[in-house]
Amino acid sequence: MQELEERIQSEGTVKAGDVLKVDAFLNHQCDVRLFDRMGAAWAKHFAGKHITKILTIEASGIGIACVAAQHFGNVPVVFAKKAQSINLDGDQYTTTVYSFTKQKEFPVIVSKKYLNAGDHVLLIDDFLANGKALRGLIDLCKAAGATVEGIGIAVEKGFQGGGDALRADGYDVDSLAIVESMDPGTGEITFRH
Ligand code: 5GP
């Protein structure tokens, strides 16, 4: 998506440790019109799919997913919660995710009320790096017996390999911008096309 690439080029900053900061429009201040056009792009890509629910992970995925849902017939958006501890009372699906930005593992939960067998799920997130967050969301869908119909990502850092591994496993991953390389010294960012 050319508009997203241009915003990343003009407003993104490359930090050490392979971190791209796009706080001006995605991760702190939210450009809702951009989110709307991102939702339209995913709706076009996944047009043949029957989506009954969007699943994301808190926090940055929530705003994007809620705006995008309007392009999928206003299906419910569920966000997996990052929990302090695992509660084993059986009313929730639980997995653990290693956080790229926090560099630690944490439990992630979703209530059994909101993810069911029979759901056809579109996963949405802001960033795809090594794929750990998405693997966690896929685990939750598997536990619920729900079908993952596709994955919509705003920014994939292609050089970290998570997206290609998911594609190799058969998932339909639609990343609107794929960063091929980024240099914290010069700030140069290149994209895969
Ligand atoms: P993964 O689990 O694929 O390794 O990393 C994806 C998750 O980590 C996303 O949910 C996102 O919040 C965060 N993340 C990974 N890389 C970046 C990055 O370069 N910038 C920002 N802002 N978040 C990132």
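Residues numbered from 1 in each chain as written. Predicted model: local features only at pLDDT ≥ 70, side-chain atom pairs only at ≥ 80, totals over all residues. Heavy atoms only, no water.

(A) Main features of the layout of surface pockets. Considered as a void within the structure, the largest pocket measures approximately 890 Å³ in volume. Secondary structure elements with two or more residues in the lining of the largest pocket: β2 (19–21), α2 (23–27), α4 (60–69), β5 (92–99), β6 (104–111), β7 (120–128) and α5 (132–144). Residue composition of the lining of the largest pocket, by class: 15 nonpolar, 8 polar and 11 charged. (1 Å grid on protein atoms, 1.4 Å probe; cavity = no way out; pocket = protein on both sides within 12 Å on 5 of 7 lines; lining within 4 Å. Points joined across faces, edges and corners; volume = space filled by probe spheres on them. Helix = DSSP H or I, 4+ residues; strand = E, 2+ residues; numbered from the N terminus. Nonpolar A, V, L, I, M, F, W, Y, C, P; charged D, E, K, R; others polar.)

(B) Region of interest: α4. Every buried residue of α4 is listed here: Gly61, Ile64, Ala65, Val67, Ala68 and Ala69. On its buried face, α4 sits against α2, α3 (32–45), β3 (53–57), β4 (77–82) and β7. (Buried < 20%, exposed > 50% of the residue type's maximum accessible area, 1.4 Å probe, protein only. Contact = heavy atoms within 4.5 Å.)

(C) Structural view of the sheet that holds strand β8 (residues 147–157). If you walk across this open sheet you meet the 8 strands as β5-β6-β4-β3-β7-β8-β9-β10, and the pairing is mixed. Unpaired on one side and paired on the other, β5 and β10 (189–191) mark the two borders of the sheet. Within this sheet the neighbouring strands show an average axis-to-axis angle of 30°, counted without direction. One ladder, built from 8 bridges, connects β5 with β6; its direction is antiparallel. In the strand pairing of β6, Tyr98 is matched with Glu105. Packing of helix α1 (residues 2–11) onto the sheet brings it into contact with β8, β9 (173–182) and β10, and relative to β10 it is tilted by some 165°. (Pairing = 2+ DSSP bridges. Axes fitted to C-alpha atoms, helices over the stretch in contact; angles between N-to-C directions.)

(D) Main features of the nonpolar core. Core analysis: the biggest nonpolar cluster contains 33 residues, and Ile8, Leu20, Leu26, Met38, Trp42 and Phe72 have the highest contact counts within it. Of all the elements in the fold, those that place two or more residues in this core are α1, α2, α3, α4, β7, β8, β9 and β10. Beyond its immediate chain neighbours, meaning those up to four positions away, Leu20 contacts Ile8, Thr13, Val14, Phe127, Val155, Val179, Met182 and Ile189. Counting 26 residues, the second largest nonpolar core, distinct from the first, contains Leu134, Leu137, Ile138 and Cys141. (Core = buried A, V, L, I, M, F, W, Y, C linked by side-chain atoms within 4.5 Å.)

(E) Local environment of the site of the ligand. The immediate surroundings of the ligand are formed by 16 residues, with Leu20, Asp125, Gly131, Ala133 and Lys157 found nearest. Contact distances for the ligand include 2.8 Å between an oxygen atom and a backbone N or O atom of Asn130. Compared with its free state, where it exposes 500 Å², the ligand has 88% of that area covered by protein. Residue assignment for the shell around the ligand shows that the elements contributing at least two residues are β2, β7 and α5. For the shell around the ligand, the leading source of residues is β7, giving 4 residues. The residue inventory of the shell around the ligand, partitioned by class, reads 7 nonpolar, 4 polar and 5 charged. (Near = heavy atom within 4 Å. Polar contact = N/O pair within 3.5 Å; in protein donor to acceptor, adjacent residues only side chain to side chain. Areas by Shrake-Rupley, 256 points an atom, 1.4 Å probe, with all protein chains shown as cover.)

Interpretation note: all reported values are geometric properties and have no functional meaning in isolation.
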